[in-house]
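Each chain is listed here by its residues.
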Amino acid sequence: EDHTCRVWRFADRSVIEQEAEELAKRVRKAEDISIDAKKAYGARKLKEALRLYRQAAELAPGVLKYLTNLSAVYFEMGDNVSCIMKCREFLTRAQEPSLLDGPAELRPA
């Protein structure tokens, strides 16, 4: 029996679990930021909402709802070009496989 192969399988699984844990942390942090962004949006603090939704989108690029949230903020700010660009980005990325849709080992808990 080749013990080297077993060691590599363990290392690969460990790396996958570590990456999944990191991804889950980032998604949770992005969701917390998104809650604050939603409050800012509701209070019509659009620049603050824009900053926070951008931050959430950077933390969790696989969570596409932040793109639609950004497009909504741009729309409310009257920036129709940026709104349309974010909508197009959403449509393009929605057709691509996401880490969140990938193997169960890579999905956040």
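Given the structure is predicted, the values throughout are model-derived calculations rather than measurements.

Rules used in this analysis
- Residues numbered from 1 in each chain as written.
- Predicted model: local features only at pLDDT ≥ 70, side-chain atom pairs only at ≥ 80, totals over all residues.
- Heavy atoms only, no water.
- Helix = DSSP H or I, 4+ residues; strand = E, 2+ residues; numbered from the N terminus.
- Axes fitted to C-alpha atoms, helices over the stretch in contact; angles between N-to-C directions.
- Parallel < 35°, antiparallel > 145°, perpendicular 65-115°, else oblique.
- Left-handed = near helix turned anticlockwise from the far one by under 90°.
- Contact = heavy atoms within 4.5 Å.
- Core = buried A, V, L, I, M, F, W, Y, C linked by side-chain atoms within 4.5 Å.
- Buried < 20%, exposed > 50% of the residue type's maximum accessible area, 1.4 Å probe, protein only.
- pLDDT = per-residue confidence, 0-100.
- Salt bridge = Lys/Arg side-chain N within 4 Å of Asp/Glu carboxyl O.
- Nonpolar A, V, L, I, M, F, W, Y, C, P; charged D, E, K, R; others polar.

1. Considerations on unusual backbone geometry
Its identity is not glycine, yet Arg44 carries a phi of approximately 65°, on the positive side. Relative to the helices and strands, Arg44 is located in the loop between helix H1 (3–42) and helix H2 (46–59).

2. A word on the packing of H2 against helix H3 (residues 65–77)
Where H2 meets H3, the closest approach of the two axes is 9 Å, and the angle between their N-to-C directions is 160°. Classed by the angle they form, the pair H2 and H3 counts as roughly antiparallel. Note that H2 runs across H3; the crossing there is left-handed. Counting all contacts with H2, which are made through Leu46, Lys47, Ala49, Leu50, Tyr53, Arg54, Ala56 and Ala57, the residues of H3 involved are Tyr66, Asn69, Leu70, Val73, Tyr74, Glu76 and Met77.

3. Observations regarding the nonpolar core
Of all hydrophobic cores here, the largest spans 21 residues; its most connected members are Ala30, Tyr53, Ala60, Tyr66, Leu70 and Val73. Elements supplying a minimum of two residues to this core: H1, H2 and H3. For this core, the element with the most residues is H2, which contributes eight residues. Setting aside chain neighbours within four positions, we find Ala30 in contact with Ala56, Leu59, Ala60 and Tyr66.

4. A closer look at the confidence of the model for the chain
Detail in the predicted coordinates should be disregarded across regions flagged by low pLDDT. Put simply, the chain has an average pLDDT of 85, and 79% of its residues get 70 or more. Counting contacts from residues 102–109, a segment whose pLDDT is below 50, to residues more than four positions away or on other chains yields 17 contacts.

5. Description of the pattern of salt bridges
Counted under the stated rule, the structure contains six salt bridges. For Arg44, the salt bridge goes to Glu76, with nearest N and O atoms at 3.0 Å. Here Arg44, found in the loop between H1 and H2, pairs with Glu76, found in helix H3; they are 32 residues apart in sequence, far enough to count as distant. In this structure Glu76 comes out as partly exposed when scored by relative accessible area, which is 32%. Glu89 is the salt-bridge partner of Lys86, the closest N and O atoms lying 3.1 Å from each other. Of this pair, Lys86 and Glu89 are both found in helix H4 (residues 80–94), three residues apart, which corresponds to roughly one turn of the helix. Among the charged side chains, a salt-bridge network with shared partners connects Lys86, Glu89 and Arg93.

6. Section: the packing of H3 against H4
Contact geometry of H3 with H4 gives a least axis separation of 8 Å together with a crossing angle of 165°. Looking at the two axes, H3 sits roughly antiparallel to H4. Relative to H4, the crossing made by H3 is left-handed. Here Leu67, Thr68, Leu70, Ser71, Tyr74 and Phe75 of H3 lie close against H4, whose contacting residues are Asn80, Ser82, Cys83, Lys86, Cys87, Glu89, Phe90 and Arg93. Split by residue class, the contact of H3 with H4 holds seven nonpolar, four polar and three charged.

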